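Chain by chain, the residues:
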Amino acid sequence: MNNPLTDPYLVLTEVYSKGAYLKQALASVPVEPLNRPRTSLICYGVLEKDVYLSYIIGANCQKQPKSSVRLILKIALYMLEFMGKHDYMVADCAVELTKKLGKGGAAGFVNAFLRSYKMPPLPAGETERLSVAASVPLWLAKRVRRSYKSEAEAILTAPAPGVCVRFESHEEEYLKGEYINTPFPHTYIFKNFVRDEGYDLGFYTFQSVGSAAICSVISPCECLLDACAAPGGKSVLLSKKCGSVTSEELHPHRAELIQSYARRMGAKNISVTVGDASVFNPEFEGRFDCVLCDVPCSGTGVINENPDIKLFRKEEDIASLTALQQKILSNCARYVKEGGRLYYSTCSILPEENDSAAFGFISSNPQFTLEIPECALPSRRTKFGLQFLPNISLGAGFYVTSFQRKG
C-alpha cells in the first residue's frame, strides 16, 4: 500500500526547502495518479495551517526538530487534526517514512510525539491568538487586525468556496451538479469541477470571481491596455466589450501564456507585447481609452486559494510593492487619452496597497478625478475605491477603483 505521507512530503519539500510555489510543485513532482486528490488536499491543508501546526509542534517539543522531521510531523498532524485519520495508522506511516528517508535515528521521536502530543491553548495576546487561530504570520495578523478590528478573524479564515468557471458555450452540460451563481454572466462556482476536453475546446475557462468582478467595472471602449496582463484571463474577457486589447507583460514566457489563452478562447482582437508597465513606452502615450493596472501585490486577499503566499510573503515586501504600484500607476496614466479611464486593482486586503495607493495617485495627478465604480459583487465602499473581502465577496479579497482623465 502506498504510504499516504510520501507524496505530500515530496511535494511540500519542493515548497518549504526549495521555494517552489505549490501549484508548480504539484505539477512537477511525480505523484501516484490515484492518490493525486488526496495528495493535493493534504498539501494545501498543511500550508493553510502551517502557523497553527508549527505552534502545536513548538508547544510539545523542547527544541525544534530538523526541517525534514518537522515536515513529517506537520503532515501527520494535519491528517490527525483535520482529516480525522486513525492515530495509529498515521503514526506508523510517519515512522515508516522517517526511516525510508534515512532518518532512522528520529523514528522513535516521531512515534512518541504523535502518540503523546497535547493540544496547547491559544496564546493570550489578541494579535498572537489571531495569528495562531487564523494560521497567518504575526505581521499579517497585526496589520489586518489594525485595519479591520473584530472582523479580522472572519476575513483571514474565510474559505475559498470552490472553483470559479466562466463558460463561453455548452454551459448547460456542466450545470448538473452543485454550484453557486455569481453576479456575472455565465460564471459559476463549483465545489468540485473536473477539467475535461471542453477546456481545450474553449467551452469554458477557469477565472476567479475577483478577476470577473474587475472586468465587470470596466466601461466598454474602443482601445484598452491591460498593463500587467498575464496569464490573460482579464484580457480575454475584456476583449468581448472592447474593440481591441493590448496585453502587456514583463516576462516573455508569460506573454506566451496570454497568446495561448487567447487562441484557446478564440479571442482575435488581442495583441500581446513584452514590456515593463513601470517604464515609459512613448508608443503608448495618450493612445488608450482605458488602461487597466492590475498590479503586482501582496496577494493577501487570495491566501485561501494560494496558501503558500503566507509562507513566502514577508512584511518587508510591502514597502517595495507599494513603491512599484505607484510607479506603474503613474507611468500608465500617461497612456490614457483625454477623457479616458485609468483602472487600478490588486488582490490585497491591505489599505497600504489600496486606498493609500489611490490617494497617493490622485494627490499627485490633478489631471485625473476619482471615479469609484459600481460592482454587483458585495463589497465595502471605502474613501477611494471598492474593497472586496473574502468573508463577504464569495471568498475573494481584492480592490478596484478608477480615475478619469480630464478633457
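Look up: the structure comes first, before these words.
In this report, the structure presented in the accompanying data block is examined. (Residues numbered from 1 in each chain as written. Predicted model: local features only at pLDDT ≥ 70, side-chain atom pairs only at ≥ 80, totals over all residues. Heavy atoms only, no water.)

Turning next to helix H18 (residues 355-364). At 3.6 residues per turn, the α-helix brings residues three or four places apart onto the same side. When we look at burial in H18, the residues that qualify are Asp355, Ala357, Ala358, Phe361 and Ile362. Down the axis of H18, the sector holding all buried residues measures 160°, keeping them to one side. (Buried < 20%, exposed > 50% of the residue type's maximum accessible area, 1.4 Å probe, protein only. Helix = DSSP H or I, 4+ residues; strand = E, 2+ residues; numbered from the N terminus. Arc of directions from axis to C-beta.)

Residues Leu5, Val11, Ile75, Phe113 and Leu114 are the most contacted members of the largest nonpolar core, which totals 43 residues. Looking at this core, the elements with two or more residues in it are helix H1 (6-16), helix H2 (22-28), helix H3 (36-48), helix H4 (50-60), helix H5 (67-82), helix H6 (87-100) and helix H7 (107-116). Aside from chain neighbours lying at most four places away, what touches Val11 is Leu22, Ala25, Leu26, Val29, Val31, Thr39 and Cys43. Residues Cys164, Tyr343, Phe398 and Val400 belong to the second largest nonpolar core, which totals 33 residues. (Core = buried A, V, L, I, M, F, W, Y, C linked by side-chain atoms within 4.5 Å. Contact = heavy atoms within 4.5 Å.)

This part takes up the packing of H1 against H5. Between H1 and H5, the least distance of the axes is 10 Å, while the angle of their chain directions is 125°. Between H1 and H5, the interaxial angle falls into the category oblique. The two elements H1 and H5 meet at a crossing, and its hand is right-handed. Contact residues: Pro8, Tyr9, Leu12, Thr13 and Tyr16 in H1; Ser68, Leu71, Ile72, Lys74 and Ile75 in H5. Across the contact of H1 with H5, the residue classes break down as seven nonpolar, two polar and one charged. (Axes fitted to C-alpha atoms, helices over the stretch in contact; angles between N-to-C directions. Parallel < 35°, antiparallel > 145°, perpendicular 65-115°, else oblique. Left-handed = near helix turned anticlockwise from the far one by under 90°. Nonpolar A, V, L, I, M, F, W, Y, C, P; charged D, E, K, R; others polar.)

To continue, consider the packing of H5 against H7. Two numbers describe a pair of packed helices, the interaxial angle and the distance between the axes. Taken N-terminus to C-terminus, the directions of H5 and H7 make an angle of 30°; their axes are 11 Å apart at the nearest point. On the basis of their axis angle, the class for H5 and H7 is roughly parallel. H5 and H7 meet at a crossing whose hand is right-handed. Along the contact surface, H5 presents Val69, Leu73, Ala76, Leu77 and Leu80, while H7 presents Phe109, Val110, Phe113 and Leu114. Here the contact of H5 with H7 is composed, by residue class, of nine nonpolar, no polar and no charged.

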